[in-house]
Every structure is written in structure tokens, then in C-alpha cells.
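# Structure assessment
One-letter residues, chain by chain:
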Amino acid sequence: MIAETATALGLAKQISDFVKASIGSRDEKISNEKLAPVLQQVTELQHSLSQIEIAMMKVERENEVLKRELQKQEDWKAEKARYKLEYFPTGQMAYTLKEPPEGQIQPVYFCMSCMDNDNRISQLTYYGGNSLTCRHCNLWFEYKPSPTKALRPKIRGGVDN
Ligand SMILES: [Zn+2]
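Let me sum up the structure you'll find in this document. Everything numeric here is computed off the predicted structure, so don't read it as measured data. (Residues numbered from 1 in each chain as written. Predicted model: local features only at pLDDT ≥ 70, side-chain atom pairs only at ≥ 80, totals over all residues.)

## Re the overall build of the chain
Each helix and strand counted, the chain has four helices and five strands in total. When the helices and strands of the chain are placed in sequence order, the string is α-α-β-β-α-β-β-β-α. Out of the 161 residues belonging to the chain, those deemed buried represent 9%. Long-range pairs, those at least 24 residues apart, make up 36% of the contacts in the chain between residues at least 6 apart in sequence. (Helix = DSSP H or I, 4+ residues; strand = E, 2+ residues; numbered from the N terminus. Buried ≥ 20, exposed ≤ 12 C-beta atoms within 10 Å, placed from the backbone. Contact = placed C-beta atoms within 7 Å.)

The following block contains the structure:
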């Protein structure tokens, strides 16, 4: 579109140059009175095309920004596809790699809140033997029932807290 606009601007300039040259001509077939309004129109055309060119450059810059943003989102979508949600016995959830690296001894978990809300991969840190915590959003949860709760006898019909 910018190339077409530049071409149109070039043509308008050629017409303008022709008309300017014709105004001083001694050729009686071209009357200066007829050419003067045409020259004014051509000048206006050049101005309009210049405005179009500026607008097109702005649109092109915005388009580049949007393309980069779209690419970023597609990259994130591809990255996130490498993870799956894991559900813990406590009812909590965290992401883990679908294909963990070879030789990984302890499972590695990633914060669901950071990944889903902030498009950020934040590895959870093991804490106190039965908890996981996120250093970015300070999320903390028990991924396995605490030993004291597990040992507490359940009372039939009572409320388990
Ligand atoms: Zn987090």
C-alpha cells in the first residue's frame, strides 16, 4: 500500500511539473486560465497522498507491533503445551512437565497461578516436607496431607477440618 501511494505521489508530481511548465508556454492551445485550477487540484492531491502515506506508515508500525505480540502469544501457547496439571491428594494443583528431563529424581512443579494469570513459569519450592511455595506470588499449599492430620482419627458424622 505504501508503494502504491508513493507511485501515486510520483505521478502527481509529474503532472504538477507538466502543468507548471505549460503555464509559461507560448503554446496558445493551453490557456493559463484553464491550467491554474488544475495545478491547484494537483497540489491538493499531492498533499492528500502525503497524508495517506503517513497514515499507512503508522498502520504498518502498529501491524508490526501486533505481529510481535501475536508471535509472543503463540510462543507462550507452545511453551505451555509442554506442561500438564497434576492433582494432589490435598485437592491442590500444580503444573509439571509432560516429559520431565532424564535423571530427574524429585518431581518438579510449577505454579499454576503464575502460569495461568501472568504467563510466567515459576518453579515451586519444596517447603517443610509436605508443602510447596512460589517465590513470585507467595502461593503456599500442602501437596500431601500433613502427618498430624493424617494421624488424627476421623469421627463418624463429624466435620473434618
Ligand atoms: Zn506463583
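## A word on the sheet that holds strand S3 (residues 125-127)
Across the sheet, three strands lie side by side as S3-S4-S5; this open sheet has antiparallel pairing. On the outer flanks of this sheet lie S3 and strand S5 (140-142), each paired with one strand and no other. Neighbour-to-neighbour, the strand axes of the sheet open up by a mean angle of 30°, direction not taken into account. Strand direction decides the pairing type here: S3 and strand S4 (residues 131-133), joined by three bridges, are antiparallel. Residue pairing for S4: Thr125 is matched across the bridge by Thr133. (Pairing = 2+ DSSP bridges. Axes fitted to C-alpha atoms, helices over the stretch in contact; angles between N-to-C directions.)

## Re the nonpolar core
Among the nonpolar cores identified, the biggest contains 11 residues, and these are Ala94, Tyr95, Tyr109, Phe110, Cys111, Met112, Cys114, Leu124, Leu132, Cys134 and Tyr143. Setting aside residues up to four positions removed in sequence, Phe110 forms contacts with Tyr83, Ala94, Tyr95, Thr96, Met115, Ile121, Ser122, Gln123 and Leu124. (Core = buried A, V, L, I, M, F, W, Y, C linked by C-beta atoms within 7 Å.)

## Considering the pairing of strand S1 (residues 83-87)
A regular strand carries its side chains on alternate faces of the sheet. Taken across its five residues, S1 has zero buried, putting it largely on the surface. Note that S1 and strand S2 (residues 93-97) share five bridges and pair antiparallel. In the strand pairing of S2, Glu86 is matched with Ala94. Counting the residues that bridge the hairpin from S1 to S2 gives five residues, and of these Gly91 lies at a positive phi of roughly 90°.

## Digging into unusual backbone geometry
Its identity is not glycine, yet Asn119 carries a phi of approximately 50°, on the positive side. Looking at the secondary structure, you find Asn119 in the loop between helix H3 (112-118) and S3. Take Asn119: there are 13 C-beta atoms within 10 Å of it, and that puts it in the partly exposed class. Positive phi is not limited to glycine here, since Asn138 has a value of about 65°. Relative to the elements of secondary structure, Asn138 occurs in the loop between S4 and S5. With 9 C-beta atoms packed within 10 Å, Asn138 lands in the exposed category.

## Focus on the environment of Lys34
Here Lys34 shows up in helix H2 (residues 32-80). On a C-alpha basis, the gap between Lys34 and Ile23 in space is 9.4 Å, while along the polypeptide they are 11 residues apart.

## What to know about the environment of Ala12
Along the chain, Ala12 turns up in helix H1 (residues 2-23). When the C-alpha positions of Ala12 and Gln46 are compared, they lie 6.1 Å apart, and in sequence the two are 34 residues distant. Apart from the residues within four sequence positions on either side, Ala12 is in contact with Val42, Leu45, Gln46 and Leu49.

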